[in-house]
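Chains, contacts and geometry: an overview
Listed below, chain by chain, are the residues.
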Amino acid sequence: MKRSTRTSRSSSSIVEEKQISVGNFSTKFSLPSFVRRVDKLTPDQRAAIQRTGFGNLLRIHNQFLNKNLLVELMDRWDPGKKAFVLPPGEITITTMDVAVILGLRGVGGDPVNLDGVERFSELEEEYGAAARNRKISLSDVEERLQSLGELANEDFVRAFLLFTFGTFLFPNSNGKVDSRYLCFLKDLQKASHFAWGAAVVEDIFYWLSRRKEEHVQYVGGCLILLQVWSYEHIATGRPNMVDRHLKFPRACRWESSRSSNPRQRYTALFDELEENQITWILQLTAEESEMEIVKEILEPKSSREDLSALECYSSSLSVDTFKVKSGITSGSVVSCAESSTASYCLPGIQEEQIEHPSGSMPNLVDSNVRNEIHHEAENWRVIEAQNVVLMKEVDELRKENALLRKHQMLVTTLQEENEKLRTEVQDLKRENESSRLSTSALVARLEHILEDYEWDSNSIEDRQPCTP
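We now turn to the structure provided with this report. (Residues numbered from 1 in each chain as written. Predicted model: local features only at pLDDT ≥ 70, side-chain atom pairs only at ≥ 80, totals over all residues. Heavy atoms only, no water.)

**Quick notes on the overall build of the protein chain**
For clarity, the cut-off: A run of H or I in DSSP becomes a helix once it reaches four residues, and a run of E becomes a strand once it reaches two; helices and strands are each numbered from the N terminus. Only protein chains enter the calculation, and the probe is 1.4 Å; a residue is then buried if its accessible area is under 20% of its type maximum, exposed if over 50%, and partly exposed in between. Throughout, a contact is declared for two residues whenever any of their heavy atoms are within 4.5 Å. Values of accessible area rely on a 1.4 Å probe in the Shrake-Rupley scheme; residue burial ignores everything except the protein chains shown.
A count of helical and extended segments in the protein chain gives 13 helices and ten strands. Across the 468 residues of the protein chain, 39% fall into the buried class. For the protein chain, restricting intrachain contacts to residue pairs at least 6 apart in sequence, the fraction spanning at least 24 positions comes to 75%. Roughly 26400 Å² of accessible area belongs to the protein chain as shown, and the carbon and sulfur atoms make up 50% of that amount.

This is the structure in structure tokens:
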């Protein structure tokens, strides 16, 4: 899949990092390297990264890994359930977690599927990958970033994101980053359309399961996500908050501190966890609820529930067996019998269950009720079709909005350049005027000197005696 760190020849960022020994596992996850690189970004470079959907990562400050806490979590991971098994119950990392903790898009975008990338691209070759292994050394990526300096072009954005993948989001064990990621960065305007948050969750699941099943020492993946996830969900081993106000992304809200608790202490704390010490579902703030990456997770869930209800609602009309109560009254309930299709409660029929033979429709359900049900189901289908059209229009508007923002930035840049040129022209005019005045003064002075010289010459000639 994807993991990394690197051996950099630069003294400022990645100085051949060794695997950090963490408890009984090792990792090349390197938040400090990422933060150091972020600190060097210019405002234009930050803006360029922001447009790709990774801007929230730039806010995250450096934090120490709480090794004993992480080991305890890893030991409680169940690969089959893809969840942490705790005394009060099972809990896992969700796309909502990665959205609010890292500020990455969790759903609503195209999947980041490396296995689906088959053809070796020219872009991969340009960044130093070979077709046989499709890996790029992070030290090469680091050198590329240094050579680009303060440029904020597409080459910089791709190099920075590769660096981010290899050190922060998808670090692996070989100090390299998978070059297939470049296939998702070919068109940078579409980079934000991918569900990168879901890919980060999948990657950490892979490493947790591999450690548990294969008993490997190395663990890749975004370990700061795992650590902050624990802070948010489990009321033990937490550091203090940076301040009392909730920050976004939530990885920014916790202090960085070295825990002095031994591993045995965490084991005892986790063994004694109670229901009220676990936050099963994060409570969103009003600001978080209005963010697009959060709304994308909330809204589809509601739509899927409504669509599922609609399918059950309409399919229940053709079920072979009904269990109903006698009589039809307005506002009462009909309960569909167990069948191959899911049941859904329909309006218009009371409780008391009566079975009808397969193939027979109960006379209790009159035509008015059926017509009403069909009409409501048809309305749902129309609404769903309209929703699909609206979603397409929204997507087009987002693309247009991104293009307009790009044009606006270009106009702003041109205006700034024009202003600089106007200033230079004014300066040149002033210099020319000053030179003209200096030249005029010099000419006048020379003329005056010549006049004085001629007058002196004439005076001398007049005073000389005439020779016979």
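**Thoughts on a negative patch on the surface**
Note the threshold: What goes into a patch is any residue over 30% in relative accessible area without a salt bridge, connected to like charges within 9 Å or, for nonpolar side chains (Val, Leu, Ile, Met, Phe, Trp, Tyr), within 5 Å. A pairing counts as a salt bridge when a side-chain nitrogen of Lys or Arg comes within 4 Å of a carboxyl oxygen of Asp or Glu. For the charge count, each Lys or Arg is scored as positive and each Asp or Glu as negative, with His and the chain ends excluded. Working definition for charges: the position is that of NZ of Lys, CZ of Arg, CG of Asp or CD of Glu.
A grouping of D44, E150, E416 and E417 is seen on the molecular surface, where their side chains present a negatively charged patch. The exposure class of D44 is exposed, given its relative accessible area of 56%.

**Things to note about a nonpolar patch on the surface**
On the surface, a nonpolar cluster with roughly 280 Å² of combined accessible area is contributed by L442, L446 and I449. Summarising the element assignment, L442 is placed in helix 13 (residues 367-463).

**Thoughts on the sheet that holds strand 5 (residues 89-91)**
Strands belonging to one sheet form pairs held by backbone hydrogen bonds; the direction of such a pair is parallel or antiparallel. Note the threshold: Here, a strand pair is defined by DSSP locating no fewer than two bridges between the strands.
Across the sheet, three strands lie side by side as 3-4-5; this open sheet has antiparallel pairing. Both edges of this open sheet fall to strand 3 (77-78) and strand 5, since each of them pairs with a single strand only. Note that strand 4 (residues 83-86) and strand 5 share three bridges and pair antiparallel. The residue of strand 5 that forms the bridge with V85 is E90.

**What to know about the packing of helix 4 (residues 95-102) against helix 9 (residues 223-233)**
Keep this limit in mind: Lines fitted to the C-alpha atoms define the axes, with helices restricted to the stretch that makes contact. Angles between their N-to-C directions range from 0 to 180 degrees. Angles below 35 degrees are treated as roughly parallel, those above 145 as roughly antiparallel, those between 65 and 115 as roughly perpendicular, and all remaining angles as oblique. Just so you know the grouping, Ala, Val, Leu, Ile, Met, Phe, Trp, Tyr, Cys and Pro go in nonpolar, Asp, Glu, Lys and Arg go in charged, and all remaining residues, Gly too, go in polar.
Direction vectors running N to C along helix 4 and helix 9 enclose 100 degrees, while the axes themselves pass 10 Å from each other. With respect to helix 9, the axis of helix 4 lies roughly perpendicular. Each of D97, V98, I101 and L102 in helix 4 lies in contact with helix 9, whose residues at this interface are I224, L225, V228, W229, E232 and H233. Residue composition of the contact of helix 4 with helix 9, grouped by class: seven nonpolar, one polar and two charged.

**Remarks on the packing of helix 1 (residues 31-39) against helix 7 (residues 154-169)**
Relative orientation and spacing of two packed helices are given, respectively, by the angle between their axes and the distance between those axes. The cut-off we apply is this: Rotating anticlockwise by less than a right angle from the far helix to the near helix defines a left-handed crossing, while the corresponding clockwise rotation defines a right-handed one.
Two elements in contact, helix 1 and helix 7, have axes separated by 8 Å at closest approach and are oriented at 155 degrees. Of the possible angle classes, the one that applies to helix 1 and helix 7 is roughly antiparallel. In the crossing of helix 1 with helix 7, the sense of the turn from one axis to the other is left-handed. Contacts between helix 1 and helix 7 involve L31, S33, F34, R37 and V38 from the first element and F160, F163, T164, T167 and F168 from the second. In the contact of helix 1 with helix 7, the residues fall into six nonpolar, three polar and one charged.

**With respect to the environment of E299**
With respect to the element layout, E299 can be found in helix 12 (residues 292-315). Judged by relative accessible area, E299 falls into the partly exposed class, the value being 46%. As for E299 and G108, which are separated by 191 residues in sequence, their C-alpha atoms are 9.9 Å apart.

**Here's the deal with the environment of A195**
Following the sequence through the fold, A195 ends up in the loop between strand 7 (176-178) and helix 8 (196-214). Through-space distance from the C-alpha of A195 to that of T95 is 9.4 Å; in sequence the pair is 100 residues apart. When near neighbours in sequence (up to four residues on either side) are disregarded, A195 contacts R105, G106, V107, G109, D110 and V112.

**Let's talk about the packing of aromatic side chains**
Spelled out, the test is: Each pair of aromatic rings taken from Phe, Tyr and Trp, with Trp reduced to its six-membered ring, is defined by centres within 6.5 Å and is described as stacked if the planes are under 30 degrees apart, edge-to-face if over 60, and tilted in the remaining cases. The rule is short: NZ of Lys or CZ of Arg within 6 Å of the ring centre and within 35 degrees of the ring normal puts a charge over the ring.
Taken as a whole and assessed by the stated rule, the structure comprises 20 aromatic pairs. Here the aromatic rings of F34 and F160 are separated by 6.1 Å at their centres, their planes lie at 45 degrees, and the arrangement is tilted. Placement of the pair is F34 in helix 1 and F160 in helix 7, with a sequence separation of 126 residues. Cluster of aromatic residues (ring-pair linked, three or more members): F54, F165, F170, Y181, F184, F194 and W196. Of note, R144 hangs over the ring of Y127, and the distance from its end group to the ring centre comes to 3.9 Å. Stacked on the ring of F64, the Lys or Arg R258 has its end atom at 3.8 Å from the ring centre.

**Side note on helix 1**
Here helix 1 has its buried residues at L31, S33, F34, V35, R37 and V38. Contacts from the buried residues of helix 1 go to helix 2 (43-50), helix 6 (138-148), helix 7 and helix 9.

**Let's talk about the nonpolar core**
Keep this limit in mind: By nonpolar core we mean a set of buried residues, namely Ala, Val, Leu, Ile, Met, Phe, Trp, Tyr and Cys, connected to one another through side-chain atoms within 4.5 Å.
In terms of nonpolar packing, the biggest core is built from 91 residues, with L102, F160, F165, F168, L169 and W196 touching the most fellow members. Counting residues per element, this core draws most heavily on helix 7, at ten residues. Discounting chain neighbours no more than four positions away, the residues touching L102 are N56, L57, I60, D97, F168, L169, V200, C222, I224, L225 and P249.

**Some points on the pattern of salt bridges**
Opposite charge on two side chains permits pairing when their charged atoms draw close. Counted under the stated rule, the structure contains 22 salt bridges. Across the pair E296 and R105 runs a salt bridge, and its minimum N-O distance is 2.6 Å. Remark: R105 occurs in the loop between helix 4 and helix 5 (122-126) and E296 occurs in helix 12; sequence separation between them is 191 residues. For the pair shown, E296 and R105 are each scored as buried. When the shortest N-O distance is used, the salt bridge between R250 and E288 registers 2.8 Å. Taken together, the residues R250 in the loop between helix 9 and helix 10 (263-271) and E288 in helix 11 (residues 286-289) connect sequence positions 38 residues apart. Of the two residues examined, R250 and E288, each falls in the buried class. Bridged by salt links that share partners, the residues E72, D75, R76, R211, R263 and D271 form one connected network.

**Some thoughts on the side chain of R76**
In this structure, R76 sits in the loop between helix 3 (67-75) and strand 3. Dropping the residues within four chain positions of it, R76 is found in contact with A83, F84, V85, L86, P87, K212, T267, F270 and D271.

**Description of the pairing of strand 4**
As paired elements, strand 3 and strand 4 share two bridges and run antiparallel to each other. Across the sheet, residue D78 finds its bridge partner in strand 4, namely A83. The loop that links strand 3 with its antiparallel partner strand 4 comprises four residues; one of these, K82, has a positive phi angle of about 50 degrees. Here strand 4 folds back onto strand 5, and the loop between the two strands holds two residues.

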